[in-house]
Structure formats: structure tokens, C-alpha cells
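Listed below are the residues making up each chain.
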Amino acid sequence: MSDRYATFANSGPGRALVKRLGLPAPPSLRRHRPGDPLVPGPVLVEAAAGGRLHEPVRAILKAAGVSDAGERYSGLIFDATGITDSTDLKSLYDFFHPNARALLPSGRVIVLGTPPEACESPREATAQRALEGLTRSIGKEFGRGTTAQLVYVTPGAEGATESTLRFLLSGRSAYVSGQVIRIGPSAFTMPADWDRPLDGKVALVTGAARGIGAAIARVLARDGAQVVALDMPAAGDALADVANDIRGTAYQLDLTAADAPGRLADHIADRHGRLDIVVHNAGITRDKTIARMDADRWDSVLDVNLSSQERINDVLLARDLIPHGGRLVGVASIAGIAGNRGQTNYATSKAGVIGLVESMAPVLIDREITINAVAPGFIETRMTAKMPVMLREAGRRMNSMSQGGLPVDVAETIAWFASPASGGVTGNVVRVCGQSLLGA
Ligand code: NAD
């Protein structure tokens, strides 16, 4: 779906006009291409006194071949875990004030903290909570494709940060900004090859015939997974094309059929024996204000977007088809966070997906299975191409990147959740929305 305004604004005459009129200037974002280095330039790492993460982080970056010497940087990382009182927050100013202008376009800002709920005193928890304001403001202030995130690392999980640092520094997180991510001390495995972290894994992607689901299937396959691409029988041709392209298999199933969970479990048990990664992407909208909505619209949206996922998870878990190290990923939406006019059914189902993550994460920890969700904002797909033009333009521009995201941006975020090295990442809902103003 083409964003003609962004193309124009990035052309020679367009750039000048956009600047003169003070219009939004969508930067061209750094997205990952196979063979790219982790980051194109050096990354500066500094810490508040007493920080516990800067040394492990420096060691990770050094081993990955990332330099820390330069006058301009592709990344600024500040270890704020040493901050135990609001008066120490000045160290954020002392780091970001002189270095703000040294960040290159599509730069990455990462602030590392201790989750407030794991802090030892109310003073420390207050100061750690304050980090969110700085990070989210930097995301809005720096522009030029900069992303800014706050990563809370529980004490004891210092060694579990590599997959997250790699995701956030790379072009894979181009459309993720202003997020708060939590890493805990769960089991994880380092991949032999960071370009193919999913080698040997079996992944199911629902709604894989087109749009975001097709992109998820392609990215998981690129990262090494054997993908089972699932969609409705009516989408059979498109589904077969995706599956053939990625040397995966196509499986036609209506997820809402009464026998779907059992049939899916039988199919997986017979053909693959297990599912390491399950991505519940299939979703529908049936918009109407609640006063005008017939019961069918309510029922079908809730069933596809939420209840069928619960039924499928329950059967796969009960039949032990998701092994230790398993990864469950849901696709929510910023409508599930902010609510949306005409979408009571959709927003309820998507808020439910967030509820599923929050309620299941602690239950699955003993089995070393993680569960997370992405919450996409405005993504350029058939769904958003059909929106009325004014709403579509508002969705595209009302975020820190002044543009819509691409299906691949959602897919890359899911691939990070799915990595065997992301065992400490569970219970997270990460928005892929370019820091949209909706629900912020
Ligand atoms: P899409 O309509 O292009 O694709 C959805 C796919 O799910 C289709 O191929 C469809 O056949 C399949 N599907 C629907 N019901 C099914 C069922 N009962 N059984 C099996 N397959 C079924 O949508 P998309 O834009 O790619 O969105 C994918 C997901 O991302 C959805 O969950 C959607 O709610 C979410 N999302 C999208 C956006 C966006 O901007 N496009 C924003 C937020 C969230």
C-alpha cells in the first residue's frame, strides 16, 4: 500500500516544500536486510554510579563487533540501575544533554532499569518508575527515525538481555518506539547463529495467507523455522503460495469450527510431534457502534480474535505439544489499549489478548514457556487501505515516525519474542506503532 505523501516528502523538491510549510516529514527508516551489521555505527554505553548492567552490555556489544568509539553514534545506552533516589535522576540529564546531538538518523536509545516492583525501597521504585517519562519523551523529541525504549531487567537476569539488545539496536525494531520491556530471570538458550536463531524450530502462524500473517511466516522462515501456515479454506490458493515460497506447509482450517482445536492438535502430533512457536495472528473486524451492532458481529469477532485462541492453547498445552522453551505470541492492537469508536467488539477481543498474556505468563513459567503479544498501530495492509482517507492519513501521521508501519515490522518483533534467547521475555505487550499518540 503506497504512502504517496512519504515518497513525495523524501524527494528533492518535496523535502524543501515540507520543511517550508512545517508539514510532518516522515524519515526513511533503517530496516534490517540480511547481511546488515547489528548497527551501522558506534554505540555509547554509560552508567549511573552503581549500575549492574553496563558491564555485561559492553561485553555483549564487544563480542558482536560493535565499536564504542566515535564522535557520532548509532546508539546511546544508559544503565540507570544504579539510580536509587529521585535526586540521582540528574545523571540522565548529564548523559543525554551532551550526547543528544551526536545520535545519527535512525538512532537507538535504550535506558536500562530495575522493574519498580523488584526495587528494595519506595524511593528506588519511584526513581525507576520515573525513567519511563524520559524515555518516552526522547522518542517524541529526537525524530529522524530514532527509537527509544526502557528495558527493565530484574536482578538476576543480567545475562538474559542479549536477544533484546540485538533486536532494539538493529533495523528489526524500526517501528517500535516508546516501549517499556521487562526481562526476568527465566531459562534461555543462545542460538548458534544469530542470523538463524530459529533453526530446527517448528512454528505455527494463523491467518498466514496474507497481510501481517504472511510477513510473520516469511520472517520466521528466514530465521530458520519450519513454518506451518494456517488459514481459512477460502484463502487456500494464497496460503499455498506463501507456504511454497518459504518451504513450509499449508494447513487449511477455520479456527472457529467446533472441532478445530482437536484437528489442529492431531495434525501437529502426526506431522511434527511438537510446536515450538505458536503465533495467533488471525483476526477480523466487524465494525459498528454498539447500538447498531448485531449479535453476529459481536460473536464472530470475539470468537476469532480471542476465544478460539484460548481453546487452541488449552488443547496444545494439555496434549503436551508445546515443549519447554515454547513461545506463544498473540496479536493485539492499539485499539485494545485505547479503545476505538465503532470497535467495541474488536477492542474487547484485543484487550482480552492482552489479558491472556498477563494471566498466562505466570502460569507457564514453570514449563519454561513464554507468552507475549504485539499491539500493532497503523500498519500498511489491505485492512488499513480500506479506511476512509482522512482517518487513514491521521493514522499514518499521528506517531513519532509520521508514517505507517509495514507488516514486516510486526513480524520482526514476533521473531524476537520467538527466539530461544528470549526466555526472559514473558508477559510483555509491545506496541509496534511508531509511538502512536492513540492510547499512549
Ligand atoms: P488480514 O485481514 O489481511 O488477514 C487476516 C487473516 O486471518 C486472513 O488471511 C484471514 O483469512 C485469516 N482468518 C480470519 N478468520 C480466520 C479463521 N476463523 N480461521 C483461520 N484464519 C482466519 O489482516 P491483517 O491486517 O494482516 O491483520 C493481522 C492481525 O493483526 C489481526 O489479528 C489484526 O487484528 C491485527 N492488527 C492489524 C492492524 C493493521 O493495521 N493492519 C493493526 C492492529 C492489529
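Residues numbered from 1 in each chain as written. Predicted model: local features only at pLDDT ≥ 70, side-chain atom pairs only at ≥ 80, totals over all residues. Heavy atoms only, no water.

## Examining helix H12 (residues 344-364)
An ideal rise of 1.5 Å per residue puts 30 Å on 21 residues; H12 measures up with 30 Å between its terminal C-alpha atoms. In this fold, the buried residues of H12 make contact with helix H10 (295-318), strand E10 (327-331), helix H11 (335-338), strand E11 (370-376), helix H13 (382-385) and strand E12 (429-432). (Helix = DSSP H or I, 4+ residues; strand = E, 2+ residues; numbered from the N terminus. Expected span 1.5 Å × (residues − 1). Contact = heavy atoms within 4.5 Å.)

## With respect to the UniProt feature "domain: Ketoreductase" (unreviewed entry) in the protein
As recorded in UniProt, the sites labelled "domain: Ketoreductase" (unreviewed entry) are residues 201-377. With 47% helix and 18% strand, residues 201-377 has end C-alpha atoms that lie 29 Å from one another. (UniProt positions renumbered as here; feature names shortened; annotations may be inferred.)

## A word on helix H7 (residues 211-222)
In a regular helix each residue adds 1.5 Å, so 12 residues correspond to 16 Å; H7 covers 17 Å between its end C-alpha atoms and thus fits that length. Among the 12 residues in H7, nine count as buried, and that is most of the element. Those residues of H7 that fall on the buried side of the exposure criterion are Ile 212, Gly 213, Ala 214, Ala 215, Ile 216, Ala 217, Val 219, Leu 220 and Ala 221. Next to the buried residues of H7 lie strand E6 (202-206), strand E7 (226-231), helix H8 (236-245), strand E9 (277-280) and helix H15 (407-418). Just beyond H7, the residue with positive phi is Gly 224, at close to 110°. (Buried < 20%, exposed > 50% of the residue type's maximum accessible area, 1.4 Å probe, protein only.)

## Notes on the side chain of Asn 313
Within the secondary structure, Asn 313 sits in helix H10. Setting aside its immediate chain neighbours within four residues, Asn 313 contacts His 280, Leu 328 and Leu 356.

## Thoughts on a positive patch on the surface
Side chains of Arg 210, Arg 286, Arg 382 and Lys 386 sit close together on the surface and give a patch of like positive charge. Here Arg 382 shows up in helix H13. (Patch = residues over 30% accessible without salt bridge, like charges linked within 9 Å, V, L, I, M, F, W, Y side chains within 5 Å. Areas by Shrake-Rupley, 256 points an atom, 1.4 Å probe, with all protein chains shown as cover. Salt bridge = Lys/Arg side-chain N within 4 Å of Asp/Glu carboxyl O. Lys, Arg positive; Asp, Glu negative; His and termini not counted. Charge placed at Lys NZ, Arg CZ, Asp CG, Glu CD.)

## Let's talk about the site of the ligand
Around the ligand, 27 residues are found, and the nearest of them are Arg 210, Ile 212, Asp 231, Asn 281 and Tyr 346. Contacts to the ligand include Ile 379, whose backbone N or O atom sits 3.1 Å from an oxygen atom. A total of 830 Å² of accessible area belongs to the ligand in isolation, and the protein chains cover 93% of it. Secondary structure elements with two or more residues in the shell around the ligand: H7, E7, H12 and H13. Of the residues in the shell around the ligand, the class split is 14 nonpolar, nine polar and four charged. (Near = heavy atom within 4 Å. Polar contact = N/O pair within 3.5 Å; in protein donor to acceptor, adjacent residues only side chain to side chain. Nonpolar A, V, L, I, M, F, W, Y, C, P; charged D, E, K, R; others polar.)

## Here's the deal with the domain arrangement of the protein
Here the protein is partitioned into domain 1 (31-183) and domain 2 (202-432). The straight-line distance from the C-alpha centre of domain 1 to that of domain 2 is 28 Å. In this assembly, 21 residues from domain 1 lie in contact with 26 residues from domain 2. Interface area for domain 1 against domain 2, summed over the two sides, is near 1800 Å², with a carbon-plus-sulfur share of 55%. On the domain 1 side of the contact with domain 2, Arg 31, Arg 172 and Tyr 175 bury the most area, a combined 36% of that side's loss. If you look at where domain 1 meets domain 2, you find two salt bridges. Put simply, Arg 172 and Glu 412 hold a salt bridge, and the shortest N to O gap is 3.5 Å. Along the contact surface separating domain 1 from domain 2 lie nine residue pairs in polar contact (both at pLDDT 80 or more). (Domains from an automatic or database assignment. Buried area = accessible area lost by both parts, 1.4 Å probe.)

## Quick word on the packing of helix H6 (residues 162-169) against H15
Packing of H6 against H15 leaves a shortest axis separation of 10 Å and a crossing angle of 165°. Classified by the angle between their axes, H6 and H15 sit roughly antiparallel to one another. Relative to H15, H6 is oriented so that their crossing is right-handed. Contacts between H6 and H15 involve Ser 163, Thr 164 and Phe 167 from the first element and Glu 412, Thr 413 and Trp 416 from the second. (Axes fitted to C-alpha atoms, helices over the stretch in contact; angles between N-to-C directions. Parallel < 35°, antiparallel > 145°, perpendicular 65-115°, else oblique. Left-handed = near helix turned anticlockwise from the far one by under 90°.)

## Brief notes about unusual backbone geometry
Trans peptide bonds make up most of the peptide bonds, and negative phi angles are found at most residues other than glycine. Backbone geometry places Arg 247, a non-glycine residue, at a positive phi of 55°. Along the polypeptide, Arg 247 turns up in the loop between H8 and strand E8 (249-252). The phi angle at Ser 402 is positive, at roughly 55°, despite the residue not being glycine. Position of Ser 402 relative to the elements: it lies in the loop between helix H14 (389-397) and H15.

## Topic: the pattern of salt bridges
Counted according to the given criterion, the structure contains 23 salt bridges. Here Arg 166 makes a salt bridge to Glu 162, at a shortest N to O gap of 3.0 Å. A residue pair is termed a helical-turn pair when its members lie 3 or 4 positions apart in one helix, as Arg 166 and Glu 162 do in helix H6 at four residues. Given the relative accessible area of 13%, Glu 162 is considered buried. Where Arg 396 meets Glu 393, a salt bridge forms, and the shortest distance between an N and an O atom there is 3.1 Å. A residue pair is termed a helical-turn pair when its members lie 3 or 4 positions apart in one helix, as Arg 396 and Glu 393 do in helix H14 at three residues.

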